[in-house]
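# What the coordinates show
Single-letter residue listing:
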Amino acid sequence: MHPAVSVIFFTVTSGAGFGLMFLIGLGWPMPQGGLGVFIALALAGALAVAGLVSSTFHLGHPERAWRAVSQWRSSWLSREGVLAIITLMLFGVYAFLWFFFDIRSTALGLFMSVGSVATVFATAMIYAQLKTIPMWQTWLTPACYLAFSLTLGLVLAGMLSGNGVVGGLPTALWASLSIVLAWVLKMMWWNRAGSIGFSTTGSSVGSATGLGSIGDVKLFERPHTGENYLTREMVHQIGRKHANKLRLIAVGLGALLPVLLMLLAATGVVPTLFLALAAMSLLAGLFAERWLFFAEAKHAVSLYY
Amino acid sequence: MNDHVRVDTSPHVSDEVQKTTCYMCACRCGINVHLRDDGTGTKKIRYIEGNNDHPVNRGVLCAKGSAGIMQHYSPARLRKPLKRVGERGEGKFEEIEWDEALEIATGWLGDVRKDDPKKLAFFTGRDQSQSFTGWWAQQFGTPNFAAHGGFCSVNMAAAGIYTFGGAFWEFGSPDWKHTELFMLFGVAEDHDSNPIKLGLAELKRRGKKTIAINPVRTGYNAVADEWVGITPGTDGLFVLALVHELLKAGKVDVDYLLRYTNAPWLVIDAPGTADHGLFARDADGNALVLDRESKKAIPYNGKGVKPDLRGEIQLDNGLTARPAFRLLTDKYLDGQYAPEMVSERTGVSADQIRSIAAQLAEAAFEKEIVIERAWTDMKGERHEKMIGRPVAMHAMRGISAHSNGFQTCRSIHLLQILLGSIDCPGGFRYKPPYPRPVHAQPAPHGGGEAGKPLAGPQLGFMRGPQGLLLEEDGVTPQRIDKAYSWDAPMSSHGLMHMVIANAHARDPYGVDVLFMYMANMSWNSSMNTSGVMKMLTDKDENGDYVIPKIIYSDAYSSEMVAFADLVFPDTTYLERHDAISMLDRPISEPEGVADAIRWPVLEPDRDVRGFQSVLVDLGARLGLPGMTNEDGSQKFKDYADYIQKHQRKPGIGPLMGWRGEDGSKTGRGEPNPEQIDRYIENGGFSLTHVPDEAMYYKFANKAWQDFATEMGLQDGPVECVFQLYLEPMAQFRLCAQGLAEPKTPDTHKQRILDCFDPLPDWYAPFEGEGIEASEYPFHALTQRPAAMYHSWGSQNAWLRQIHGHNPMFVPADICDAVGLETGDWAWVSSHHGKIKVPVKRMDAVNGKTIWTWNAIGKRKGAWALSDGAPEAEKGFLLNHLIHELLPPKEDGMRWSNSDPITGQAAWFDLRVNIEKAEAGEAESLPQFPAQDGPVPDGDGPLRYGAAWLKEFMTR
Amino acid sequence: MTMLPERQSGAKSLGLVIDLDTCVGCHACVVNCKEWNTAGYGAPLSDTEPYGDEPSGAWLNRVHSFEVTPTDAPAQIVHFPKSCLHCEDAPCVTVCPTGASYKRAEDGIVLVDEDMCIGCGLCAWACPYGAREIDPVEQVMKKCTLCVDRIYNDNIPEQDRVPACVKTCPAEARHFGDLADPTSDVSILVAERGGMDLMPEQGTKPVNKYLPPRPKATADMAPLAAIAEPKAEGGVLGWLDRALDRL
């Protein structure tokens with residue numbers, strides 16, 4: 001699949017925003033004082049909204065984006081939109097109360113947290129629902145999205161709260177646990193993706209053309225000699241070397257370096273700085289991870305090309 | 001939301017529908033052109049579809065026809081007459097007014113006509129107005145006229161006319177409704193493209209079998225039920241092996257042979273005399289046969305004659321003679337034609353050859369068709385029914401474009417005739433005006449006197465050596481292309497591919513003006529493209545161009561435009577008048593006599609004129625007879641006026657429908673000033689059904705003869721005896737043996753002895769014989785893609801997306817041997833040149849044959865395309881590998897790369913080697929400097945139809 | 001509404017039956033479709049760089065070709081036209097967030113209401129067949145409409161009220177009709193010729209069917225029996241005598 005920058009940015013950033021929102025809703029330690037609260041709220045809101053705005057750059061007609069909330073009964077994309085809006089509205093009320101009246105409503109927060117989880121889950125389901133892309137069609141896809149969202153949220157929360165302690169553990173350690181979980185899930189995802197091909201459906205050039213019963217089928221000529229929407233969008237080819245390099249970057253920046261930085265943060269020396277660096281590294285790593293999520297995905301249409 | 005209101009299911013389509021004839025290829029389909037106001041008061045094309053009532057396409061339309069909108073609005077359209085200002089080939093022009101352009105041309109042509117008319121070489125390309133352009137050239141007085149048949153498929157036309165007075169091409173058609181078995185030789189997309197597709201569909205519907213003989217298994221060959229992946233140039237051998245099998249088994253239609261062919265005619269056996277190989281004839285010139293009852297030689301057409309096919313007789317003059325059929329059986333029963341003997345060479349297994357022979361016999365003789373319809377033959381004998389041998393064949397380019405193409409095509413006709421399957425139910429049928437055998441065709445005319453018209457048409461069918469167009473010395477050709485000389489004695493269409501080379505070499509002489517129309521000679525319509533570009537730009541010691549003046553007419557900024565000194569901008573096919581005429585190549589179908597017109601369904605928005613109207617104007621300016629009134633004024637206002645008023649013979653004009661002053665006559669009749677209007681009212685064509693009794697056996701059918709005479713297709717009955725044994729070939733052999741006049745020059749003797757077998761024969765293609773097979777072990781071919789027609793398609797915004805560049809398809813075996821993979825680049829070399837091409841591996845192809853799509857490659861700067869267009873960057877032409885001359889013989893002599901009988905360009909003889917190219921720039925080679933265009937490059941994006949977008953996209 | 005319509009008894013399932021045994025790969029359907037639809041239903045089918053380095057455009061129907069190699073016969077080419085299959089269980093419809101993509105209850109045609117399309121492309125992702133393309137200029141999703149503006153159009157002659165691709169196909173490789181009606185010509189064709197679904201495993205239940213290529217013939221006809229010693233008197237010449245005597 002074509003790795004569109006807007007969509008990569010959307011999934012990572014809004015994941016971070018809603019991850020943070022989830023933790024805010026749970027009452028995770030946050031900075032004190034007007035400015036601190038403002039920064040926390042602004043960061044969560046900005047990331048979530050920036051992600052959503054970015055996703056509209058992917059649209060041919062962003063001016064009609066408002067129409068996308070209508071089909072929540074059948075469409076995960078619509079659900080995602082609806083959930084994001086509801087969650088953001090809850091967040092708006094929550095933020096208003098917190099900022100102006102210093103009230104962190106537990107009930108409202110819980111709703112907001114549930115909304116955040118649901119939104120990220122819906123985002124992931126946009127991809128995980130597609131039977132045409134077996135690599136994506138697995139419970140691991142939402143699991144990864146949720147785990148990375150949570151990890152991003154934790155790293156950011158730790159950064160904001162100066163590595164605040166919950167349940168006796170500093171946030172950096174929570175984040176470390178989360179990042180391990182996320183990458184275990186991602187490794188499972190990659191492991192599955194490496195061998196899945198079209199085995200979930202059994203689709204092949206033979207079944208795509210119906211000619212498999214005659215003999216070995218291969219493409220002779222494309223319908224047009226140039227590229228078209230389908231080849232650009234769904235028959236994206238990525239070199240193995242290129243992919244391996246990007247995986248190293250994803251793991252290095254998205255797992256190893258953040259863990260190291262979080263362990264440094266756990267030592268208590270300038271944890272905010274280390275966690276901020278960890279957040280940036282993680283974001284960069286996840287951009288690479290998400291780029292690969294799209295670029296390596298094989299669509300059934302590629303069987304025709 | 002209610003679904004019903006979401007879409008308008010009955011929208012307005014168009015304001016008017018105009019019916020004319022397509023011109024996106026040579027198929028001549030009827031089209032409905034839907035026109036609609038674009039909101040600014042301008043009529044635009046909304047849609048082009050097939051005309052349901054049209055005899056050619058019956059409502060269907062191919063990709064090319066459907067892309068007509070893009071052709072019509074192409075940015076490559078020329079806009080005004082052009083005068084060259086740069087060097088030839090650069091494409092630098094100034095736009096001039098029509099008056100100036102016509103005055104320049106009149107000056108040049110007037111001088112030529114006054115001094116030596118043959119110094120004008122007038123050759124037209126893919127136009128469909130040769131009866132007019134030929135007539136114009138005849139009035140001008142130059143012998144140097146032809147259309148492009150010589151490098152197209154003259155072998156098919158000539159072999160057909162000489163053998164049975166008809167031809168493949170679009171001049172005949174399989175009897176799709178009745179045939180049981182169809183054989184298709186060497187056809188990718190070609191003439192008659194939609195009728196063939198419709199016919200194949202009919203066979204599929206009826207569950208009848210198609211056998212395709214073609215090295216490449218694409219297109220029609222892909223859907224055929226059985227594929228014969230033959231090695232190029234060996235079809236004749238394959239066919240003669242089938243003949244061998246059929247003769248051996250006695251599976252031939254003896255009655256048919258006796259009645260309708262020259263199989264019983266007596267051939268004199270007297271080696272070393274001037275009679276050897278000729279027919280024994282009576283004093284009136286009637287061929288003799290051996291009567292089985294009287295055992296005497298009597299005229300074949302005598303009453304009650306019962307000819308023998310096998311005996312021998314001593315004639316009154318003491319010479320021995322045998323029926324042609326006896327010679328024929330002796331020849332083809334020889335073991336050299338046995339399936340196992342031809343198998344290796346043809347690449348076809350002996351089993352498959354035998355199986356196909358058996359299928360042919362079964363279809364012809366076990367599945368005989370009987371139509372209960374009485375008919376009377378030309379001898380007056382009444383037949384109660386029409387008997388059909390339902391085997392149909394069609395063949396084209398893959399047969400034609402070889403140096404053995406004439407004989408190969410004759411071999412196919414021999415096979416058809418032995419089976420009794422020409423123009424019978426289920427067989428191959430003539431389309432009117434055919435049958436028209438050689439003696440009913442014009443003979444070619446040469447000469448050319450200053451200021452005078454030629455005595456007759458330049459092109460025709462050579463009767464024998466006496467008619468050759470030679471100078472007094474009996475050697476030097478009269479024509480610039482050397483047609484009808486010893487080089488190509490039975491040329492019927494001229495040799496367009498030799499014109500520029502000969503004019504450049506001043507052999508046999510130089511020309512002053514080269515005048516061409518719709519012929520992309522500096523690109524895909526020539527062999528040796530780079531060489532031709534050089535010939536067109538070469539200068540002599542005085543610094544003048546070797547070919548002094550070039551006038552060219554084209555509608556588009558083609559590669560050839562860049563090499564012209566003066567350019568007449570032509571119209572598009574929707575802006576012009578044309579006659580698809582019975583005098584030329586009408587649109588008849590076997591059951592209907594039909595011709596058609598084109599007419600301007602849109603007015604040009606540029607300062608352009610239909611080329612034929614320009615010729616009418618030039619003709620008057622030059623004072624040519626037939627084009628000028630007595631007072632010297634212009635006789636025809638334009639081409640449309642000519643179409644309606646011109647009479648070739650009294651009562652016979654370009655169009656056959658609605659003749660007579662009131663439009664009540666068909667075929668014969670006085671000119672009708674409203675004739676074109678009547679055609680327009682009728683959908684652009686005229687169709688008259690052939691009477692039931694005349695439907696089959698037209699070559700011998702009295703009802704057909706009466707009908708054809710009444711319709712003006714012929715002036716009286718025309719006897720058509722199939723010439724299995726072709727006597728003129730024997731005459732040429734006698735000349736080569738020095739036994740008859742004119743004597744063949746030494747240089748040509750052996751070749752005529754080798755190739756002019758009066759019976760269909762096979763010899764190895766010349767190019768393969770002239771090179772080391774190990775050096776160039778492979779064959780290389782092109783095929784026309786169904787969605788693109790020559791270079792015209794490359795400017796078409798839609799078609800060029802389908803074929804924007806072309807790979808070289810290489811069989812898996814060659815890939816493995818040479819180390820090639822899809823995506824690699826390779827060097828392909830011939831005895832003449834080397835090209836660098838992208839490679840695509842393929843399995844469904846003859847293992848010794850590489851191939852590509854034809855004419856996709858473009859020169860940079862042409863056709864209003866960007867310089868980086870894929871056609872120029874990656875596309876390529878095979879033409880660079882093909883020389884117009886063969887490799888030199890030991891004596892240094894270089895023959896034309898043509899069929900020695902007709903002069904047909906032998907581009908499919910090409911032999912090549914292929915090797916992997918080192919990694920480098922992904923660009924095909926050779927490349928040429930970009931030509932300047934007289935029109936700006938096209939731009940985009942294109943939103944065709946946006947004019948009619950109403951509420952969509954605005955809410 | 002992007003919920004799929006309830007299947008109503010008596011409702012039609014209009015679709016195409018494409019004969020892979022007959023298609024010669026000429027692209028007539030491809031271009032005629034473009035021609036009809038660029039000036040018809042909805043936005044034009046645009047082309048970018050139409051005369052430039054990378055010409056590309058939106059098309060509703062494209063013809064691929066495949067090389068098929070049986071184990072015991074030479075490789076063959078199959079031309080393969082492909083456009084929207086108007087699936088019963090159309091995933092492209094249910095994923096649409098705006099309701100632009102819908103399947104008509106009365107005849108099963110899957111359409112896009114372009115005014116509502118936001119150009120997110122998700123429906124194209126959901127389609128396993130590559131039947132949907134975003135127009136490069138108009139930025140809305142384009143797809144085969146089964147010529148819904150022809151088949152019911154009172155402004156064109158009745159015999160032409162079929163999709164443009166069907167009317168124009170010179171090889172009669174395309175058939176149009178109601179596949180819900182077992183007595184329709186197309187249903188009979190499907191039954192007789194073993195019409196197949198593309199990628200049935202995707203669960204889309206395509207309405208369009210493909211007729212597989214008929215088996216190719218092999219050189220299996222027994223050779224003709226030769227007349228003994230063809231050149232001898234009793235051979236071809238003897239046979240000729242007898243043949244002539246019969247006439």
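If you're wondering where the values come from, they're calculated on a predicted model, not measured in any experiment.

## Points about the overall build of chain A
Along the backbone of chain A there are ten helices and three strands. When the helices and strands of chain A are read in sequence order from the N terminus, they spell out α-α-α-α-α-β-β-α-α-β-α-α-α. For 305 residues, the compact-globule estimate of 2.2 N^0.38 gives 19 Å, and the C-alpha radius of gyration of chain A, at 21 Å, lies within 12% of that figure. When its C-alpha atoms are laid out on the principal axes, chain A stretches across 70 × 45 × 30 Å. In chain A, which comprises 305 residues, the share counted as buried stands at 56%. Look at the contacts in chain A between residues 6 or more apart in sequence, and 75% of them connect residues 24 or more apart.

## Things to note about the overall build of chain C
Counting its regular elements, chain C contains seven helices and eleven strands. Scaling as 2.2 N^0.38, a compact globule of 247 residues should have a C-alpha radius of gyration of about 18 Å, whereas chain C reaches 25 Å, well beyond that. Referenced to the eigenvectors of the C-alpha coordinate spread, the extents of chain C come out at roughly 85 × 50 × 45 Å. Considering chain C as a whole, with its 247 residues, one finds that 64% of them fall into the buried category. Within chain C, residue pairs in contact and separated by at least 24 positions form 59% of the contacts whose partners lie at least 6 positions apart.

## Focus on the sheet that holds strand β4 (residues 61–69) of chain C
The three strands are arranged β3(A)-β4(C)-β5(C) in an open sheet whose pairing can be described as antiparallel. The sheet terminates laterally at β3 (216–221) of chain A together with β5 (76–83) of chain C, the two strands that pair on one side only. Here the average twist between neighbouring strands, direction ignored, is 35 degrees. In the sheet, β3(A) pairs with β4(C) via five bridges, with the strands oriented antiparallel. Bridge assignment links A:Lys218 to a residue of β4(C), and that residue is C:Glu67. Packed on one face of the sheet, helix α1 (residues 28–38) of chain C meets β4 and β5 of chain C and runs near 165 degrees to β4(C).

## Quick notes on the confidence of the model for chain C
Per-residue confidence for chain C gives a mean pLDDT of 94, with 96% of residues at or over 70. Scoring the predicted complex yields pTM 0.96 and, for the interface, ipTM 0.96.

## Description of the sheet that holds strand β10 (residues 174–178) of chain C
Residue and element names in this part refer to chain C. The mixed open sheet is built from three strands, whose spatial order is β10-β1-β11. Across the chains shown, the open sheet's two edge strands, defined by having one partner strand only, are β10 and β11 (209–211). On average, each strand axis in the sheet is tilted by 25 degrees relative to the strand beside it, whichever way the strands run. On the sheet, helix α6 (residues 185–193) packs against β1 (14–19), β10 and β11 and is oriented at approximately 120 degrees with respect to β10.

## With respect to the pairing of β1(C)
All names here are of chain C. Here β1 lies mainly inside the structure; six of its six residues are buried. Of the two faces of β1, the one holding Leu14, Leu16 and Ile18 and the one holding Gly15, Val17 and Asp19 are both buried throughout. Bridge count between β1 and β10: five bridges; the pairing is antiparallel. Its bridge partner lying in β10, Val17 is registered against His175. As judged from the three bridges shared by β1 and β11, these two strands associate in the parallel manner. Bridging from a neighbouring strand, Asp19 pairs with Leu211 of β11.

## Overview of the interface of chain C and chain B
Between chain C and chain B, the contact holds 81 residues from the first and 97 residues from the second. For the side of chain C that touches chain B, the leading source of residues is α1(C), giving eight residues. Residues of the side of chain C that touches chain B, tallied by class, amount to 44 nonpolar, 18 polar and 19 charged.

## Description of α1(C)
Among the eleven residues that make up α1(C), eleven are buried, leaving the element largely enclosed by the rest of the structure. Looking only at α1(C), the buried set comprises C:Ala28, C:Cys29, C:Val30, C:Val31, C:Asn32, C:Cys33, C:Lys34, C:Glu35, C:Trp36, C:Asn37 and C:Thr38.

## Some points on the nonpolar core
If you look at the biggest cluster of nonpolar residues, it comprises 505 residues, and the most contacted ones within it are B:Leu242, B:Leu266 and B:Leu360. At 15 residues, helix α5 (residues 140–161) of chain A tops the list of elements feeding residues into this core. Contact partners of B:Leu242, with chain neighbours within four places excluded, come to B:Ile353, B:Ile356, B:Ala357, B:Leu360 and B:Leu415.

Calculation notes
Residues numbered from 1 in each chain as written. Chains lettered and ligands numbered in written order. Predicted model: local features only at pLDDT ≥ 70, side-chain atom pairs only at ≥ 80, totals over all residues. Helix = DSSP H or I, 4+ residues; strand = E, 2+ residues; numbered from the N terminus. Rg over C-alpha atoms; globule rule 2.2 N^0.38 Å. Buried ≥ 20, exposed ≤ 12 C-beta atoms within 10 Å, placed from the backbone. Contact = placed C-beta atoms within 7 Å. Pairing = 2+ DSSP bridges. Axes fitted to C-alpha atoms, helices over the stretch in contact; angles between N-to-C directions. pLDDT = per-residue confidence, 0-100. Nonpolar A, V, L, I, M, F, W, Y, C, P; charged D, E, K, R; others polar. Core = buried A, V, L, I, M, F, W, Y, C linked by C-beta atoms within 7 Å.

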